[in-house]
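Examining the three-dimensional arrangement
Listed below are the residues making up each chain.
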Amino acid sequence: MSQMYNIIEPNVISEETIRKALEEQSQDEAGQLARREGIDFKDVTELQLSFRNILQIDNLWQFENLTKLQLDNNIIEKIEALESLVHLLWLDLSFNNIEVIEGLDSLVKLQDLSLYNNRISKIENMDALQDLQIFSIGKNNLDTLEDVIYLRRFKQLRTLNLLGNPLCDNEQYAPFTVAHLPELVYLDFKLVSDTMVSNSASFSRKTGNWHLIERLFCWYAGNILAFESAFVEYLNGSFLFESMYEEDAEAAKLALLPGVDDLLQEYPSWFVSVCENLFNYGLEQHEKREAEVSDFYESLQEALTANQEQGRKLILEFENRNKR
């Protein structure tokens, strides 16, 4: 690390660095006016300090209303001095030299956190981030699947990137992760497919993690038919129960115990009833999802059309000003 510092002159976040960054961000007329009359840091909501050889985080306490902070591609070694940024929603600390996750306790509104390409060996000290939805910590030094279990406390987490860590070399990595985080929609830049979920259910049965099965059912109910309708067929009947019971050696031993016959006759019908309820619920959710997707694409098309029209107006105004 010292050899790198011989080549790169390390910096701290000084007021001069901040003002220069804000001036670079503000290239429009409003930005020019702000440069002439001064910039009130309390009014700033976004700050980009990328590629500035920053070694130490400092002087951010005045940014009370900051919601987006980019500190990527520096040489930062420690997460610190972020206590006042209580409204922060988006934080990028990727491509630095951070070894420990810390200093995030006050960022209770944070939704998107990137620690990609650092030197972190353990996921910890993030309990306050209960609104976290997107977490990128690929290309670090995580080598144990126990780090995945820590992430179960984040109920809003939908997008996770762990790609490039040693733990990804474990053949059980993907099914283990999906089994423990059933609400995930994207894992390592890929949509969580029904095949991954099926493999995670098989993993849970083989390892005896029966408490995960209930969580997987919640995943089925919320996402059924969201990816491919063919997978729903497994819940519209007894197939799921039979496949689970068939591979369960413990269930076969249970059948040998006295007084279990009535239970074994009643339980399958109850289980199938639950699956059918989930099946019907999935169909309802699928219809809602289709309506939402249709509305989304209509709104997207309207927005694209409006942006194109606005773009044409701006180009025409620019050409007129240029001619004058």
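- An unreviewed UniProt entry lists the chain under the name Dynein regulatory complex subunit 3, from Nothoprocta pentlandii.
- Per UniProt, the comment on the chain under Subcellular location (unreviewed entry) is "Cytoplasm, Cytoskeleton, Flagellum axoneme".
- Under the Sequence similarities (unreviewed entry) heading, UniProt states for the chain: "Belongs to the DRC3 family."

1. What to know about the overall build of the chain
- When helices and strands are counted, the chain shows 10 helices and 10 strands.
- Residue burial in the chain is summarised as follows: out of 324 residues, 37% are buried.
- Nonlocal contacts in the chain, meaning residues at least 24 apart in sequence, comprise 43% of its contacts between residues at least 6 apart.

2. Side note on the nonpolar core
- One finds Met-126 and Phe-135 to be the most contacted residues of the largest nonpolar core, which totals 55 residues.
- Not counting residues up to four positions away in its chain, the partners in contact with Phe-135 are Leu-113, Leu-115, Ile-123, Met-126, Leu-151, Leu-157, Thr-159, Leu-160 and Asn-161.

3. A closer look at helix α2 (residues 15-25)
- Residues of α2 that are buried: Thr-17, Ile-18, Ala-21 and Leu-22. Summarising the axial view, the buried residues of α2 lie within an arc of 130 degrees, below the 170-degree limit, and thus occupy one face.
- Against the buried residues of α2 lie β1 (11-12) and β2 (46-48).

4. Some points on the sheet that holds strand β6 (residues 112-114)
- Taken in spatial order, the 8 strands make up an open sheet running β2-β4-β5-β6-β7-β8-β9-β10, and their pairing is mixed. Taken across any chain shown, the strands that pair with only one partner, and hence form the sheet edges, are β2 and β10 (190-191).
- Here strand β9 (residues 186-187) runs beside β10; their pairing, made up of 2 bridges, is antiparallel. Its bridge partner being in β10, Leu-187 is matched across the sheet by Lys-190.

5. With respect to helix α5 (residues 173-180)
- Extensive coverage of α5 is indicated by the burial of 7 of its 8 residues.
- For α5, every residue scored as buried is listed here: Tyr-173, Pro-175, Phe-176, Thr-177, Val-178, Ala-179 and His-180.

6. Some remarks on the packing of aromatic side chains
- For the structure shown, the criterion picks out 3 aromatic pairs.
- Summarising the aromatic geometry, the rings of Phe-41 and Phe-63 are spaced 4.8 Å apart at their centres and angled 15 degrees between planes, so their arrangement reads as stacked. A residue pair is termed long-range when its members are at least 10 positions apart, and Phe-41 in the loop between α3 (29-37) and β2 and Phe-63 in the loop between β3 (54-56) and β4 (68-70) qualify at 22 residues. You'll find Phe-41 and Phe-63 in the same group, each marked buried.
- Directly above the ring of Trp-90 sits Lys-68, whose terminal nitrogen or CZ lies 4.6 Å from the centroid.
- Arg-153 extends its terminal NZ or CZ atom over the ring of Tyr-150, reaching a point 3.7 Å from the ring centre.

7. Considerations on unusual backbone geometry
- Not every positive phi belongs to a glycine, and Lys-139 is a case in point at roughly 55 degrees.
- Checked against the element boundaries, Lys-139 lands in the loop between β7 (134-136) and α4 (146-150).
- Despite not being glycine, Phe-189 shows a phi value in the positive range, around 70 degrees.
- Tracing the chain through its elements places Phe-189 in the loop between β9 and β10.

Here is what the cut-offs are and how they apply
- All chains use their own residue numbering, which begins from 1 and follows the written sequence.
- Only residues with pLDDT of at least 70 get local features here, since the model is predicted, and only at 80 or more are side-chain atom pairs given and counted; chain-wide, interface and lining totals rely on the full set of residues.
- Only heavy atoms go into the side-chain values, all of them from the structure, while hydrogens and water stay out.
- UniProt positions are given in the numbering used here, feature names are shortened, and annotations may be inferred rather than shown by experiment.
- Each helix corresponds to a stretch of at least 4 residues labelled H or I by DSSP, and each strand to a stretch of at least 2 residues labelled E; elements are numbered beginning at the N terminus.
- Each residue's exposure class comes from its accessible area (1.4 Å probe, protein chains only) as a fraction of the maximum for that residue type: buried when under 20%, exposed when over 50%, partly exposed otherwise.
- Contacts are assigned to residue pairs with any non-hydrogen atoms lying within 4.5 Å of each other.
- Among the buried residues, those of types Ala, Val, Leu, Ile, Met, Phe, Trp, Tyr and Cys that are joined through side-chain atoms within 4.5 Å form a nonpolar core.
- Working note: the arc is built from the helix axis to C-beta atom directions.
- Only when DSSP finds a minimum of two bridges between them are two strands counted as paired.
- Only the six-membered ring of Trp is used, alongside the rings of Phe and Tyr, when aromatic pairs are assigned; centres must lie within 6.5 Å, and planes under 30 degrees apart are stacked while those over 60 apart are edge-to-face, with the rest tilted.
- A positively charged side chain is recorded as over a ring if its NZ (Lys) or CZ (Arg) lies within 6 Å of the ring centre. The angle to the ring normal must also be within 35 degrees.

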